[in-house]
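What follows is each chain in one-letter form.
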Amino acid sequence: MPCRSLVLTALAFGPLAHGAAGQPLRVRAPSGTLTGIVRDSMTGGAVGYALVTLVEGNQRVFASEGGRFTLSGLQSGRATLRV
């Protein structure tokens, strides 16, 4: 059975720092909200109900059925997301 990985597409107000393959995505954003879509790297399809965790703030949220998620109340600076 092939190994699948997830692709996290995120939108933040500020520049994005792209993580290397297999590494958590790191983003830089001012205080506010981070939104994105979790996608399967093999099919490109959205991954519904994936758990997205902000490591530094121990904040987590489940993606919607369509893979969309929103993290609110973020502090400015670097953030690490895990899916």
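Located above this text is the structure these notes cover.
Structure report, in brief. (Residues numbered from 1 in each chain as written. Predicted model: local features only at pLDDT ≥ 70, side-chain atom pairs only at ≥ 80, totals over all residues. Heavy atoms only, no water.)

Details of the overall build of the protein
Threshold: Numbering of helices and strands runs from the N terminus; a helix is a DSSP stretch of H or I covering at least four residues, while a strand is a stretch of E covering at least two. For the exposure calls, accessible area comes from a 1.4 Å probe over protein chains only, and a residue counts as buried if that area is under 20% of its type's maximum, exposed if over 50%, partly exposed in between. The contact rule is simple, with two residues in contact once any of their heavy atoms fall within 4.5 Å. For the accessible areas, the method is Shrake-Rupley and the probe is 1.4 Å, while residue cover comes only from the protein chains on display.
The secondary structure content of the protein amounts to zero helices and eight strands. Sequence-ordered secondary structure for the protein, helices as α and strands as β, is β-β-β-β-β-β-β-β. With 83 residues in all, the protein has 30% of them scored as buried. Counting only contacts in the protein whose residues sit at least 6 apart along the sequence, the fraction spanning at least 24 positions is 58%. Surface accessibility of the protein: about 5,300 Å² in total, with carbon and sulfur atoms responsible for 55%.

Re the nonpolar core
Heads up, the rule is: For the purposes of this section, nonpolar cores are sets of buried Ala, Val, Leu, Ile, Met, Phe, Trp, Tyr and Cys residues that join through side-chain atoms within 4.5 Å.
Grouped together as the largest cluster of nonpolar side chains are 12 residues: Leu-34, Val-38, Val-47, Ala-50, Val-52, Leu-54, Ala-63, Phe-69, Leu-71, Leu-74, Ala-79 and Leu-81. By residue number, the principal contributor to this core is strand β7 (residues 68–74), which donates three residues.

Notes on the environment of Thr-53
Position of Thr-53 among the secondary structure elements: in strand β5 (residues 51–54). According to the relative accessible area criterion, Thr-53 is buried, its value standing at 18%. Sequence spacing of Thr-53 and Val-83 is 30 residues, and the spatial spacing of their C-alpha atoms is 6.4 Å. Residue contacts for Thr-53: discarding those within four places in its chain leaves Gln-59, Arg-60, Thr-80, Leu-81 and Arg-82.

Considerations on the pairing of β5
We apply this condition: Strand pairing follows a simple DSSP-based rule, namely that at least 2 bridges must link the two strands.
Sheet analysis places β5 next to strand β6 (residues 59–62), joined by four bridges and oriented antiparallel. By the bridge assignment, Leu-54 is partnered in β6 with Gln-59. Relative to strand β8 (residues 77–82), β5 runs antiparallel, the two sharing two bridges. Paired with Thr-53 across the two strands is Arg-82, which belongs to β8.

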